[in-house]
Amino acid sequence: MKYKLLSLNVGQPETYETEKGGLKSAYRKKPVSTPAFLSYLNVEGDEQADKKNHGGRDKAVCLYPAQHYRHWEEHYGQSFAFPSFGENITVEGVSEKDVHIGDIFQLGEALLQISEPRKPCYIIARTHGIDDFPAQVMKKRFTGFYLRVLKEGRIQAGDYFSLVESHPAGVTVDEVNQLRYHDKDNKELLEKVLRLEPLAEGLKETLKKRL
C-alpha cells in the first residue's frame with residue numbers, strides 16, 4: 001500500500017479567541033512546502049501546548065486521512081482547509097479500516113509505526129465553533145491516528161506514505177475505535193488489543209482498567 005502525503009503541517013502553541021473564550025493550543029497548524037526533519041518526538045517547527053495529552057514518543061506524529069475532509073464538508077455544509085484537524089500529515093487514501101496497530105510505514109527518509117487512534121477532544125469543537133464535532137468524529141470513527149518514529153529523517157509534502165511491514169495481529173485502527181467508543185464490553189477484542197506490543201502505553205493502561 002502506498003499513499004501520498006498531500007500536506008505537511010506544523011504549529012506552535014498560541015492563544016486564540018473562540019466563541020467560548022481564549023484557547024491556548026498548537027492545533028492551528030500551517031502547511032509547509034519545504035522539507036522538515038522528523039525526530040523521535042515531533043516534526044521540525046512543531047510543538048505541543050498540552051504535553052500531558054499530546055506529544056511524546058507514542059504520539060510524535062498525527063495523521064489525518066485527506067478523503068475524510070470531503071465527508072465533513074458535505075456533513076456540515078462548509079469547507080475545511082488542510083490541516084483543519086490539527087494533524088501533522090494529511091495523507092490521501094489511507095483509512096482506519098485498512099491499517100493496523102503496529103504497521104510500519106516509510107515516509108521520505110523516516111520510518112514510522114502506528115501506535116493508536118487519535119482521540120478527538122473539545123479543541124476540535126472550540127476551534128471550528130461546532131459543538132458536536134468530537135461526538136460526530138467518534139460516531140463515524142474518522143479519527144485519524146498517531147505514529148511513533150522508528151527512524152528519524154527528512155520528510156516533505158509529496159512524499160509517499162508506503163507500507164513496509166503489516167503487523168501480524170491484524171488489529172485495525174478502526175477496531176480499536178470500535179472498542180473504545182461503541183463496543184466497550186467486547187472482552188475478546190479487549191484482550192486481543194491489550195496483547196498488542198506496539199499499542200501506545202497510555203491507551204493500554206486506560207484499557208486495562210476495563211478488565
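Calculation rules
Residues numbered from 1 in each chain as written. Predicted model: local features only at pLDDT ≥ 70, side-chain atom pairs only at ≥ 80, totals over all residues. Heavy atoms only, no water. Salt bridge = Lys/Arg side-chain N within 4 Å of Asp/Glu carboxyl O. Helix = DSSP H or I, 4+ residues; strand = E, 2+ residues; numbered from the N terminus. Buried < 20%, exposed > 50% of the residue type's maximum accessible area, 1.4 Å probe, protein only. Phe/Tyr/Trp six-rings, centres within 6.5 Å; stacked < 30°, edge-to-face > 60°. Lys NZ or Arg CZ within 6 Å of the ring centre and 35° of its normal. Pairing = 2+ DSSP bridges. Arc of directions from axis to C-beta. Contact = heavy atoms within 4.5 Å. Polar contact = N/O pair within 3.5 Å; in protein donor to acceptor, adjacent residues only side chain to side chain. Core = buried A, V, L, I, M, F, W, Y, C linked by side-chain atoms within 4.5 Å.

**Some thoughts on the pattern of salt bridges**
Within this structure, the stated rule accounts for 7 salt bridges. Across the salt bridge formed by Lys29 and Asp46, the nearest N and O atoms sit 2.8 Å from each other. Residue Lys29 is located in the loop between β3 (21–25) and β4 (30–32), and its partner Asp46 is located in the loop between β5 (36–38) and β6 (61–65); the two are separated by 17 residues in the primary sequence. The exposure classification of Lys29 matches that of Asp46, with both residues buried. The partner of Lys208 in a salt bridge is Glu205, and the shortest N-O contact between them spans 3.3 Å.

**Concerning the packing of aromatic side chains**
Scanning the entire structure with this criterion turns up 13 aromatic pairs. Look at Phe80 and Phe133: their rings are 5.7 Å apart centre to centre, the planes differ by 55°, and that puts the pair in the tilted class. A residue pair is termed long-range when its members are at least 10 positions apart, and Phe80 in the loop between α1 (68–76) and β7 (89–92) and Phe133 in helix α3 (residues 133–140) qualify at 53 residues. Each member of the pair, Phe80 as well as Phe133, is classed as buried. One aromatic cluster is present, formed by Tyr64, Tyr69, Trp72, Tyr76, Phe80, Phe82, Phe85, Phe133 and Phe142 through successive ring pairs. The ring of Tyr160 carries the charged tip of Lys2 above its face, separated from the ring centre by 4.6 Å.

**Quick word on the pairing of strand β1 (residues 2–10)**
A regular strand carries its side chains on alternate faces of the sheet. Bridge count between β1 and strand β12 (residues 160–165): 3 bridges; the pairing is antiparallel. Paired with Lys2 across the bridge in β12 is Ser162. Relative to β7, β1 runs antiparallel, the two sharing 4 bridges. What sits directly across from Lys4, in β7, is Glu92. Both β1 and β4 contribute to a ladder of 3 bridges, which runs antiparallel. Bridge pairing in β4 links Leu8 to Val32.

**With respect to helix α5 (residues 187–194)**
Count 3.6 residues to each turn of an α-helix, and residues three or four apart come out pointing the same way. The set of residues buried in α5 consists of Leu189, Leu190, Val193 and Leu194. End-on, the buried residues of α5 take up no more than an arc of 135°, which puts them together on one face. More than 90 degrees from the buried face of α5, the exposed residues found are Lys187 and Glu188. Residues of α5 that are buried sit in contact with α4 (173–181) and α6 (201–208). The backbone nitrogen of Glu188 lies 3.4 Å from a side-chain oxygen of the residue at the head of α5, namely Asn186.

**Some thoughts on the nonpolar core**
For soluble globular proteins, nonpolar side chains are generally found buried alongside one another. One finds Ile89, Leu147, Phe161 and Val193 to be the most contacted residues of the largest nonpolar core, which totals 37 residues. Contact partners of Val193, with chain neighbours within four places excluded, come to Val171, Val176, Leu179, Leu199 and Leu207. Membership of the second largest hydrophobic core comes to 13 residues, among which are Tyr16, Tyr27, Phe133 and Val137.

**Description of unusual backbone geometry**
Pro83 follows Phe82 through a cis peptide bond whose omega is 0°. Here Pro83 is to be found in the loop between α1 and β7. Of note in the backbone geometry, Arg141 takes a positive phi value of approximately 65° without being a glycine. Counting through the fold element by element, Arg141 comes out in the loop between α3 and β10 (145–151).

**Quick word on the pairing of β6**
Taken across its 5 residues, β6 has 5 buried, putting it largely inside the fold. Taking every second residue as pointing to the same face, both faces of β6 are buried, with Val61, Leu63 and Pro65 on one and Cys62 and Tyr64 on the other. When β6 meets β10, the two strands line up antiparallel, connected through 3 bridges. Counterpart to Leu63 in the pairing with β10 is Phe145.

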